[in-house]
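One-letter residues, chain by chain:
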Number of protein chains: 2
Amino acid sequence: MNEQSPGQPAAGHTDLPTTTNQVLIREVPKGPLEADHFALQVAQLPALGQGDVLVETLAITIGAGQRAGLQGSAGYAGPAESDVVMTGTGVGRVLASNHDAIAPDDIVMGLTGWSEHAVLTGDRLSIVDSTVAPSTLLGALGTNGLTAYFGLLDVGDPQPGETVVVSAAGGSVGHLVGQIAKRRGCTVVGVAGSDEKCASLIDDLGFDRAVNYKSTDFRAEFKAATPDRIDIYFDNTGGDILGSALFRMNTHGRIVCCGVVSQYDTASPDPGPRGVPGLLVNNRVRMQGFLVFDYADRFAEARAEISSWLASGDITARTTEFNGLSAAPRAFVDLLAGRTVGTTVINVASPTTPQP
Amino acid sequence: MNEQSPGQPAAGHTDLPTTTNQVLIREVPKGPLEADHFALQVAQLPALGQGDVLVETLAITIGAGQRAGLQGSAGYAGPAESDVVMTGTGVGRVLASNHDAIAPDDIVMGLTGWSEHAVLTGDRLSIVDSTVAPSTLLGALGTNGLTAYFGLLDVGDPQPGETVVVSAAGGSVGHLVGQIAKRRGCTVVGVAGSDEKCASLIDDLGFDRAVNYKSTDFRAEFKAATPDRIDIYFDNTGGDILGSALFRMNTHGRIVCCGVVSQYDTASPDPGPRGVPGLLVNNRVRMQGFLVFDYADRFAEARAEISSWLASGDITARTTEFNGLSAAPRAFVDLLAGRTVGTTVINVASPTTPQP
C-alpha cells in the first residue's frame, strides 16, 4: 500500500524485520463471508519516512460492522476493494520511530490492519497505557466500549426505571450497553442468539431478562419480556428484531441505531422493517444513527469512567480470543455466525515475547 | 354514539334541530378507499347534558392521515370500526349551550365529526375568532399549520442555508412546510405528484425546485434537484420517496416523520425502505416521528406567528373546498388520489346562512 522502497528503519532496535505476514482481501464476498475470501501473504515493509513508526502488532480486534465495509456499496468507509490488506484496529509495540512524540517500546493503538508488522503514520496512532491488556484496550476501552457508552448515554439518554432492550446483547457492544444501563437504574432486556448466551446475560452480567431470537416463539417471548414496553431500543442488528421492537416502543421512545449485523453478511440487504416510519409517528419515536468517531473529543472522559467501572467490578468486559494472525479470517466468520461473545480479539504476538 | 334519549336543548335558539344528517363508516375498507365505504344517514340528536353544546357544523377538514385510522391495525387513534360516525375536526356555530363558558353564536372548533349538527362536550371545544374564515381556522391555523410549524421548526431545526426537502409538497402540511423553510433561509425542494403541482410550488409559493415523483426518471431528477444533498427531509409519504431521500441525506441530517400517505390507502402497508437503519448509521441521521398534539401548550404562540405571516403575505395558505356534507366521501377519495391541493375543506353550511 506504500510505494516507498524497503529500507532500514531510522532508529531503535537492531535486527528489525524487513518483511511481514499480512492478510489480504482476496475477493470481495458476494454472499456470506468465508475464510478463503482472505489470503495470507508475506510482504516487504517500506522504509520509514519522516513521522513514520514501525509497529509490531500485539493484538487486533474484529467488529461485525467491518463486514459492511466488504459490501459493494459504500458505507462510511467507502466501497470495498480486493487485493488490499484487511483494515482493522490493533495495539502494537513500537520497534522504531521517526516521530518526535513516539519512542521505541511505546505501546500504541491505531489502524494496524491485519498485519504482524506495519509502518504507520505516527500522527494517526495513540500512545496507550502499557499496563492494560491489549484485549481491554481494544474492547471495553476501545471502539466497542466507547460506542456502548456514547450510544446509550448520549443518543439513548436513559432515565432510571426505563426499559432498555439491546440486540446482539452478547456481542462486543451489546454486553457493555446492558451493564451500563443497569448502572443507570434501568430494566435491561437482552436479545441474543442462543439459550446459553441468554442465560449468561442474566446470570453473569446482571441483565433482568433475555430472549433468544432464534426461538420459534420469539415474538411472543419478546412481548412477555417487555411488559412495560420499551423506552430505549439499542439496535445492533436491524432486521426482524428491529421490526419487533418498533411494535413495542413506548411513546417518546428512542431507537439507537448502532449497527445492522443482520444485513452485513450479504451483498443485497433486505428492505427495512414493516412499520417504518408509520410506527415512529404513532408513538413519537426517535430513531437515530450515530458513529462513535463524532465523540472523539470526549473519549478520554469516557475511558476514565469505563476504567473505574472495570476496576470496581461494576461492569465485566467479555472477550473471545484467537491466537495468531492466520486465525483472523476464521474468527471473522465465527463472529458473523454469532459464535463469539464480547469483543473478538486476535492475539497476533504475545506482548512478552522477545523479538527473534 | 350517545345513549341519551333525544330531547330539547336547554337554552338558546328556538326551532332547534332534533335530527341531523351525518356520514357513517359503512364498511372498513380492505383495499383502496371508495366513496361507498361511507353512507349518509339521518340521526336523532341526543338531549344536551350538563356541559354539552349543540353545534351547527360550518366546515370540516379531511386529512390524509385519517385514512390510517380506517386501517384494521391500531394507529394512535385505535382500530377502525364500522357503523360509527366518521370522525373529523370541524368549525361550527353554537346553537345552544349547557356549558358555562360557551354561548350561543360562539364559533367553536373541535371534533364535530362528519355531521351537520352535533351535541358535543363543551370542554373539548375551543372558541375561535369568528372573523377568520373556517377554512383558515382548519388549515393554516389548524392542525395542518401547527403540524408544519412544529414539525419543521422543532423536530427539524432548520438552519439558514440548509436544504429542506418536503414530500406531498402540494398537500395540506407540505405547502406550508416549504414556505416556512424559505422564511428560515433554507433552500427548499418539493416533491409532488404532477408537473402542474410542481410548477405551482415554484411559481406561486416560492419553492426553489420541485420534482414530480411520478416521473420515470424520478431518482435522477431527485438527485439533480438536491446538488448539496439533504439536511432536513420532511416526510409526509414514506415509501419510495423516503427511500430516495435516505440515500441523499447529509451527515447529521434530520428526517421529520410526519405522515405515511403512501401507505394509508391499503390494508397491508409495505415494508420500510431499503437502507433503514444502515443509512441512518452511516450518515448519523436522526429520524423522528411526532404528533402535533404533544405541542398543545404552544399552539397559541404558533397561531399568532402563522397569522402574522398570513397577514403580511409571507406565506400563502391553499385550500381545496367542497360544498355540502354529502361531498365528504368523494373529497376524501380525491385527497388520497392526490387530486386536491392544500387543505381539503368541506363547507357543510354557510356561516352566514340563517337557520330554517
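Residues numbered from 1 in each chain as written. Chains lettered and ligands numbered in written order. Predicted model: local features only at pLDDT ≥ 70, side-chain atom pairs only at ≥ 80, totals over all residues.

1. Topic: the overall build of chain A
Condition: A run of DSSP states H or I qualifies as a helix once it reaches four residues; a run of E qualifies as a strand once it reaches two. Both are numbered from the N-terminal end. Here the globule rule is a power law, 2.2 Å times the number of residues to the power 0.38, and the radius of gyration is based on C-alpha atoms. With C-beta atoms placed from the backbone, a contact is any residue pair whose C-beta atoms sit within 7 Å.
The number of helices and strands found in chain A is 10 helices and 15 strands. Relative to a compact globule of 356 residues, whose C-alpha radius of gyration would be 21 Å, chain A shows 21 Å and is just as compact. Taking the principal axes of its C-alpha atoms as reference, chain A extends roughly 65 × 45 × 35 Å. Once local pairs closer than 6 in sequence are excluded, the contacts in chain A between residues at least 24 apart make up 69%.

2. Re the interface of chain A and chain B
Filter applied, for reference: Each residue receives one of three labels: charged for Asp, Glu, Lys and Arg, nonpolar for Ala, Val, Leu, Ile, Met, Phe, Trp, Tyr, Cys and Pro, and polar for the others, Gly being one of them.
Each partner contributes residues to the interface: chain A has 32 residues there, and chain B has 32 residues. Looking at the side of chain A that touches chain B, the elements that each hand over two or more residues are α8 (278-282) and β13 (286-289) of chain A. A class-by-class count of the residues in the side of chain A that touches chain B yields 16 nonpolar, 11 polar and 5 charged.

3. Observations regarding the domain arrangement of chain A
Residue and element names in this part refer to chain A. Short version of the rule: Boundaries between domains were set according to an automatic or database domain assignment.
Taken domain by domain, chain A holds domain 1 (19-132 + 317-347) and domain 2 (143-293). The gap between the C-alpha centroids of domain 1 and domain 2 is 28 Å. Listed as interface residues are 20 residues of domain 1 and, on the opposing side, 15 residues of domain 2. Across the side of domain 1 that touches domain 2, the residue classes tally to 7 nonpolar, 10 polar and 3 charged.

4. Considering the relation of the copies chain A and chain B
In plain terms, the rule: For the least-squares superposition of copies, only C-alpha atoms count, and only for residues with pLDDT at least 70 in both.
Between chain A and chain B, which share one sequence, the superposing operator has a rotation angle of 180° and an axial displacement of 0.0 Å; the RMSD is 0.0 Å. Here the two chains are linked by the operation of a two-fold rotation axis. Distance from the rotation axis, computed per C-alpha, reaches its smallest value in chain A at Gly272 of chain A: 2.1 Å. Interface overlap between copies is the fraction of interface residues in one copy that are interface residues in the other; for chain A against chain B it reaches 100%, indicating a shared surface.

5. A word on unusual backbone geometry
Residues and elements named next belong to chain A. The omega angle of the peptide bond from Val276 to Pro277 is 5°, so this bond is cis rather than trans. By secondary structure assignment, the location of Pro277 is in the loop between α7 (261-264) and α8. Phi is positive for Arg229, close to 60°, though the residue is something other than glycine. Relative to the helices and strands, Arg229 resides in the loop between α5 (218-225) and β11 (230-235).

6. As for the packing of helix α2 (residues 143-156) of chain B against helix α8 (residues 299-312) of chain B
Residues and elements named next belong to chain B. As a reminder of what qualifies: Geometry is summarised by axes, namely lines fitted to C-alpha atoms with helices restricted to the contacting stretch, and by angles between N-to-C directions that run from 0 to 180 degrees. Put simply, angles under 35 degrees are roughly parallel, angles over 145 are roughly antiparallel, angles from 65 to 115 are roughly perpendicular, and the rest are oblique.
Taken N-terminus to C-terminus, the directions of α2 and α8 make an angle of 100°; their axes are 10 Å apart at the nearest point. It follows that α2 is roughly perpendicular to α8 by the angle criterion. Contact residues: α2 offers Gly145, Leu146, Tyr149 and Phe150, while α8 offers Phe299, Ala302 and Ile306.

7. A look at the pairing of strand β3 (residues 52-62) of chain A
Residue and element names in this part refer to chain A. Applicable threshold: Think of it as a crowd count around each C-beta: if 20 or more other C-beta atoms lie within 10 Å the residue is buried, if 12 or fewer it is exposed, and in between it is partly exposed, with C-beta placed from the backbone throughout. For two strands to be treated as a pair, DSSP must find at least two bridges joining them.
Across the 11 residues that make up β3, a large majority, 11, are buried. The pairing of β3 with strand β6 (residues 117-121) spans 5 bridges and is classified as antiparallel. Its bridge partner being in β6, Leu54 is matched across the sheet by Val119. Across 8 bridges, β3 lies against strand β4 (residues 89-97) in antiparallel orientation. Each bridged residue has a counterpart across the sheet, and for Thr61 the counterpart in β4 is Thr89. By the bridge criterion, 4 bridges tie β3 to strand β15 (residues 343-347) in an arrangement that is antiparallel. Among the inter-strand pairings, Ile62 is bridged to a residue of β15, identified as Thr344.

8. Things to note about the pairing of β13 of chain A
Burial along β13 of chain A is two-sided: the residues Arg286 and Gln288 of chain A and Met287 and Gly289 of chain A are all buried. In terms of strand pairing, strand β12 (residues 249-257) of chain A meets β13 of chain A through 4 bridges, oriented parallel. Within the sheet, the bridge partner assigned to Val256 of chain A lies in β13 of chain A and is Gln288 of chain A. Note that β13 of chain A and strand β13 (residues 286-289) of chain B share 3 bridges and pair antiparallel. When the sheet's bridge partners are listed, Met287 of chain A is paired in β13 of chain B with Met287 of chain B.

9. Here we look at the environment of Glu27 of chain B
All names here are of chain B. Mapping Glu27 onto the fold places it in the loop between β1 (19-25) and β2 (38-44). Under the C-beta neighbour-count criterion, Glu27 is labelled partly exposed, with 14 such atoms within 10 Å. Linking Glu27 and Ala39, residues 12 residues apart in sequence, is a C-alpha distance of 9.0 Å. For Glu27, the residues in contact, after removing those within four places along its chain, are His37 and Ser82.

10. Comments concerning the environment of Lys182 of chain A
All names here are of chain A. Along the polypeptide, Lys182 turns up in helix α3 (residues 174-183). When the 18 C-beta atoms within 10 Å are taken as the criterion, Lys182 is described as partly exposed. Taking C-alpha positions, Lys182 is 7.4 Å from Phe207, a pair spaced 25 residues apart along the chain. Filtering out sequence-adjacent residues up to four positions away, Lys182 remains in contact with Val188 and Gly206.

11. So, the sheet that holds β13 of chain B
The strand order across the open sheet built from 12 strands is β10(A)-β9(A)-β8(A)-β11(A)-β12(A)-β13(A)-β13(B)-β12(B)-β11(B)-β8(B)-β9(B)-β10(B), with neighbouring strands paired in mixed fashion. Two strands close off the open sheet at either side, each with one partner strand: β10 (209-212) of chain A together with β10 (209-212) of chain B. Taken over all neighbouring pairs, the strand axes of this sheet differ in orientation by 15° on average, direction set aside. Relative to β11 of chain A, strand β8 (residues 163-167) of chain A runs parallel, the two sharing 3 bridges. Within β11 of chain A, the residue paired with Val164 of chain A across the bridge is Ile232 of chain A. Contacts between helix α6 (residues 239-246) of chain A and the sheet are confined to β8, β9 (187-192), β11 and β12 of chain A, with β11 of chain A contributing the most and set at about 170° to the helix.

12. Here we look at the nonpolar core
Formally: Note on definitions: a nonpolar core is a set of buried residues drawn from Ala, Val, Leu, Ile, Met, Phe, Trp, Tyr and Cys, linked by C-beta atoms within 7 Å.
Within the largest apolar cluster, 203 residues are counted, with the highest numbers of intra-cluster contacts made by Ile346 of chain A together with Ile346 of chain B. Aside from chain neighbours lying at most four places away, what touches Ile346 of chain B is Ala59, Ile60, Ile62, Phe322, Leu325, Ala327, Ala328 and Ala331 of chain B.

13. Quick look at helix α10 (residues 328-336) of chain A
Residues and elements named next belong to chain A. Quick reminder of the rule: Directions are taken from the helix axis to each C-beta atom, and the arc is the one they span.
Every buried residue of α10 is accounted for by Ala328, Pro329, Ala331, Phe332 and Leu335. The arc that holds every buried residue of α10, seen down its axis, measures 160°, which confines them to one face. Close packing links the buried residues of α10 with β1 (19-25), β2 (38-44), β3, β14 (319-323) and β15. Within two residues after α10, Gly338 carries a phi angle of roughly 80°, on the positive side.

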